[in-house]
Amino acid sequence: MAEVTAEQVLEALKVVDDPFKKENIVDLGMIDGLQIKDGHVAFTIEIDPAQGAEMEPIRKIAEDSVHALPGVLTVTAVLTAERAPSAPPPQEGPQLMPGQGQMPAKMDLPGIESIVAVASGKGGVGKSTTSVNLALALAADGKKVGLLDADIYGPSIPRMLGITEDPQQSESGKIAPLDGHGIKCMSMGFLVEEETPVIWRGPMATGALEQLLSDVEWGELDILVVDLPPGTGDIHLSMAQRVPLDGAVIVSTPQDIALADARKGLNMFLKVDVPVFGLIENMSYFNCPRCGERSDIFSHGGAREEAEKLNVDFLGEIPLDIVIRETSDGGNPIVASDPGSPHSGAYMKIAEKVWHSLQG
Ligand code: ADP
């Protein structure tokens, strides 16, 4: 089916009027940042922050109106107050979504038994590698597993699962998740162009995450693992508020500086009443493949100590090993390619603890 055009989207939006100004939201210049990618449409509606709550139904009508166009799979409309004269300076997160209220209601997701977030205070600590191997370890244990890549800043999960195709519409009209090594996968990367400026991706993230949860045909899942973007800002907070998370795990490398960020992550989840199941120390130590000697490159054991101090579980440690990098970056993560290896065993143990925490 031919890609829907920007003109078609704007035409569909012209039927939606601003209830205060009694004119359509397109002619009023309220639509911005329109993006169309493979049937996924996203845009912002700029509003006066004082009218946030009243404009929420308009946002929904705008989404529905565009959704009715042929060839449209998902629509993400986000209310922003970025350009309003009385608005505060642009920031990510809930401030830009006044329509969402103080504490947005959690989504209702029948069919998905439990949702666990994998978070990290900062990027590059191996959060996505951990998410993928944790999800595969849960699947190896017989669970029905989904993996949702919500990392707007660097969606890498499809590549790590060796997925090369784009998602398609299923018979029910929803998006069919993709299969990677037996787990169902969906990624923000399918909705957001890589070149999209981060400033736009931020405010869009919560809406896009909701789309990925509600418009994807996840079917029956025992557990959905959500790979969150790194960091602990407003955007993460609003994601954690809206998604019915049963718990979170935090990935950190052992150095103090990374652990300080991990602490921020823990506090963030506490703020929104999401239990933190524990810390995982990634790149915990290095086993030299040539001489066999072990070295603690980033020091070692910091996450275990930190977990004790913070009174959360220490879920396990994963060494820095080229095999882990090569297998996950190559689309065949270690738990899938070498399930009997000690590293896979470490991921399995972490998965067991996470599952146990969920039951408890
Ligand atoms: P994040 O999601 O935190 O940004 P990634 O999971 O994308 O981090 O990992 C960053 C890089 O580090 C990737 O190339 C990945 O393969 C590599 N990596 C992650 N964990 C390990 C590990 N335990 N050993 C070796 N390489 C790793």
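Residues numbered from 1 in each chain as written. Predicted model: local features only at pLDDT ≥ 70, side-chain atom pairs only at ≥ 80, totals over all residues. Heavy atoms only, no water.

A few points about the site of the ligand
Phase 1: With respect to spatial proximity, 18 residues lie near the ligand, and among them K127, S128, T129, P319 and D329 are the closest.
Phase 2: Between G126 and the ligand, the recorded distance is 2.9 Å, taken from a backbone N or O atom to an oxygen atom.
Phase 3: Contact distances for the ligand include 3.0 Å between a nitrogen atom and a backbone N or O atom of D321.
Phase 4: For the ligand, the accessible surface in isolation is 560 Å², of which the surrounding protein chains cover 83%.
Phase 5: At the level of elements, α3 (127-140), β14 (276-287), β16 (314-320) and α9 (322-329) are the ones that each hand at least two residues to the shell around the ligand. (Near = heavy atom within 4 Å. Polar contact = N/O pair within 3.5 Å; in protein donor to acceptor, adjacent residues only side chain to side chain. Areas by Shrake-Rupley, 256 points an atom, 1.4 Å probe, with all protein chains shown as cover. Helix = DSSP H or I, 4+ residues; strand = E, 2+ residues; numbered from the N terminus.)

As for the nonpolar core
Phase 1: With 81 residues, the main nonpolar core has I115, L148, L161, L213, L224 and F269 as its most contacted residues.
Phase 2: The dominant element in this core, judged by the number of residues it contributes, is α3, at six residues.
Phase 3: Among all residues touching L224, those that are not within four sequence positions of it are I112, S114, I115, V116, G146, L147, L148, L213 and W218.
Phase 4: One finds V9, A12, F43 and V72 within the second-largest nonpolar core, a separate group that totals 22 residues. (Core = buried A, V, L, I, M, F, W, Y, C linked by side-chain atoms within 4.5 Å. Buried < 20%, exposed > 50% of the residue type's maximum accessible area, 1.4 Å probe, protein only. Contact = heavy atoms within 4.5 Å.)

Looking at the confidence of the model for the protein chain
Phase 1: Averaged over every residue, the pLDDT of the protein chain is 84; residues scoring 70 or more account for 88%.
Phase 2: Long-range and interchain partners of residues 83-103, a stretch whose pLDDT sits below 50, account for 48 contacts in this model, where long-range means more than four residues apart. (pLDDT = per-residue confidence, 0-100.)

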